[in-house]
Amino acid sequence: MTESFEKTKIAGSIAAGALDEVNNIIKPGVSTSEIDKFCYEYINDHKAFSAPLYYRGYPKSCCTSSNHVVCHGIPSEKILNDGDILNVDVTAIKDGWHGDTSRMFVVGECSVKAKKLIKTTYEAMMEAIKIIKANIKIGNIGYTIQKIVEAEGFSVVRDFCGHGIGKKFHESPNVLHYGEKNSGQELKAGMIFTVEPMINYGKFETKTLKDGWTAVTKDKSLSAQFEHTVGVTKEGYEIFTLSDKGLNFPPKL
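Quick notes on the rules
- All chains use their own residue numbering, which begins from 1 and follows the written sequence.
- Thresholds applied to this predicted model are a pLDDT of at least 70 for local features of residues and 80 or more for the giving and counting of side-chain atom pairs; totals over whole chains, interfaces and linings are not thresholded and use all residues.
- As a rule here, side-chain values come from all non-hydrogen atoms in the structure, and water together with hydrogens is ignored.
- The helix count covers DSSP runs of H or I at least four residues long, the strand count covers runs of E at least two residues long, and both are numbered beginning at the N terminus.
- Our radius of gyration is a C-alpha quantity, and the globule rule it is checked against amounts to 2.2 Å times the number of residues to the power 0.38.
- Burial classes follow relative accessibility: with a 1.4 Å probe on protein chains only, a residue under 20% of its type's maximum area counts as buried, one over 50% as exposed, and anything between as partly exposed.
- Contacts are assigned to residue pairs with any non-hydrogen atoms lying within 4.5 Å of each other.
- In this description, accessible areas are obtained by the Shrake-Rupley approach with a 1.4 Å probe, and a residue is regarded as covered only by the protein chains that are shown.
- Here Asp and Glu are counted as negative and Lys and Arg as positive; His is not counted, and neither are the chain ends.
- Every charge is mapped to an atom, namely NZ of Lys, CZ of Arg, CG of Asp or CD of Glu.
- Only a pair of cysteine sulfur atoms within 2.5 Å counts as a disulfide in this structure description.
- Axis definition: a line fitted to C-alpha atoms, limited for helices to the stretch in contact. Angles are taken between N-to-C directions and run from 0 to 180 degrees.
- Any angle that falls under 35 degrees is termed roughly parallel, while one over 145 is termed roughly antiparallel, one within 65 to 115 roughly perpendicular, and all others oblique.
- The crossing is said to be left-handed when, going from far helix to near helix, the turn is anticlockwise and less than a right angle, and right-handed when the turn is clockwise.
- Put simply, Ala, Val, Leu, Ile, Met, Phe, Trp, Tyr, Cys and Pro go in the nonpolar bin, Asp, Glu, Lys and Arg in the charged bin, and everything else, Gly too, in the polar bin.
- A pair of strands is labelled paired if DSSP reports no fewer than 2 bridges between them.
- Any N or O atom pair separated by 3.5 Å or less is treated as a polar contact, with the protein-specific requirement of one donor-capable and one acceptor-capable atom, and with residues adjacent in sequence counted only for side-chain atom pairs.

Looking only at helices and strands, the protein features 4 helices and 15 strands. Here the C-alpha atoms of the protein give a radius of gyration of 17 Å, agreeing with the 18 Å that 2.2 N^0.38 yields for 253 residues. Principal-axis analysis of the C-alpha atoms places the extent of the protein at approximately 50 × 45 × 35 Å. The proportion of buried residues among the 253 residues of the protein is 55%. Restricting to contacts in the protein with at least 6 residues of sequence separation, those with at least 24 account for 71%. Looking at the protein as shown, the accessible area adds up to about 11100 Å², and 50% of this sits on carbon and sulfur atoms. Counting 31 positive and 31 negative side-chain charges, the protein places the averaged centre of each group 3 Å from the other.

Within the structure shown, the criterion is met by 0 disulfides. Summary of cysteine pairing: Cys63 is not part of a disulfide, and the nearest cysteine sulfur, belonging to Cys62, is at 6.8 Å. Cys63 sits in the buried class, given a relative accessible area of 8%. Cys63 provides the cysteine sulfur closest to Cys71, a residue in no disulfide bond, and the two sulfurs are 7.6 Å apart.

Here Thr144 is to be found in helix H4 (residues 139-151). By relative accessible area, Thr144 is classed as buried at 16%. Once residues lying within four places of it in the same chain are set aside, the contact partners of Thr144 are Glu127, Ala128 and Ile131.

In the contact formed by helix H1 (residues 2-22) and helix H2 (residues 32-45), the axes pass within 9 Å of each other and the chain directions differ by 140 degrees. It follows that H1 is oblique to H2 by the angle criterion. Crossing of H1 over H2 shows right-handed handedness. Packed against H1, whose contacting residues are Ile14, Gly17, Ala18, Glu21 and Val22, the element H2 presents Ile35, Phe38, Cys39, Tyr42 and Ile43 at the interface. Classifying every residue of the contact of H1 with H2 by side-chain character gives 8 nonpolar, 1 polar and 1 charged.

Bringing the sheet that holds strand E11 (residues 206-208) into the picture now. Taken together, the 3 strands give an open sheet; going across it, the order is E3-E12-E11, and neighbouring strands pair in antiparallel fashion. In this open sheet, the two edge strands, each paired with only one partner strand, are strand E3 (69-71) and E11. Each adjacent strand pair in this sheet contributes to an overall mean axis angle of 40 degrees, direction not counted.

What follows concerns the side chain of Ser4. Summarising the element assignment, Ser4 is placed in helix H1. Discounting chain neighbours no more than four positions away, the residues touching Ser4 are Trp97 and Ile192.

Along the polypeptide, Ser50 turns up in strand E1 (residues 49-50). On the accessibility criterion, Ser50 (10% relative accessible area) is buried. For the pair Ser50 and Tyr40, spaced 10 residues apart in sequence, the C-alpha separation works out to 6.5 Å. In this structure, Ser50 is in contact with Ile43, Ser61 and Thr91, ignoring residues within four places of it in sequence. Among the polar contacts made by the side chain of Ser50, one reaches the main-chain carbonyl oxygen of Ser61 at a distance of 2.6 Å.

We now examine the pairing of strand E2 (residues 63-66). Working note: regular strand, side chains alternate between the two faces of the sheet. Burial along E2 is two-sided: the face carrying Cys63 and Ser65 and the face carrying Thr64 and Ser66 are both buried. Pairing of E2 with strand E4 (residues 85-94), which is carried by 4 bridges, proceeds in the antiparallel orientation. Residue pairing across strands places Cys63 opposite Asp89, the latter belonging to E4.

So this is what it looks like as structure tokens:
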């Protein structure tokens, strides 16, 4: 357990560091391909590799999902505009271990409803992480998220979930972001997985575009996501992807 936690924390800190630096370049007029190039170079400069690049044919080093894009948005020459909200998802591989994290960014000044969605998504993730410890049921994570999100009138995406991670990018267990209390498998000390709720302002249904990757809300409502890589301990949890600069949540909000 010690090696897996230590190695994942190193990889996670590189991924988090890339997002810390992205915070400095997010502004109207920047393209998502510029963000991708920045993340690629940051991860390389830290003698690590970008896990998404060429993974199952994915063409870029990070995912950039704006406004009604739920996840897996492919960086392009798309220009960010004032009022956009954007999730940037990065995964670094260092010494064979993965660290996976994503954050929301606000371009210029966003709407009140976007702010509420972003805040609720972050709160739901963090409250779910706080309950993690050995011997609880994995379903409690999703139950906690769903309860918070639906109380605010938002919906939890069903089509994507968190996942086990370590030497492999995606492995068991699947971590649903909705569900029944005390359901599913029991958490064991030493497990490492992501908690990454995708929350929609409207209905939870999604569809994937013709590129085979980009998932969007069917009703074109806004979507937000945060993600941390977390390890289970006997007494609680450890987050491996925290920002050293305290930028886990958009500073503007």
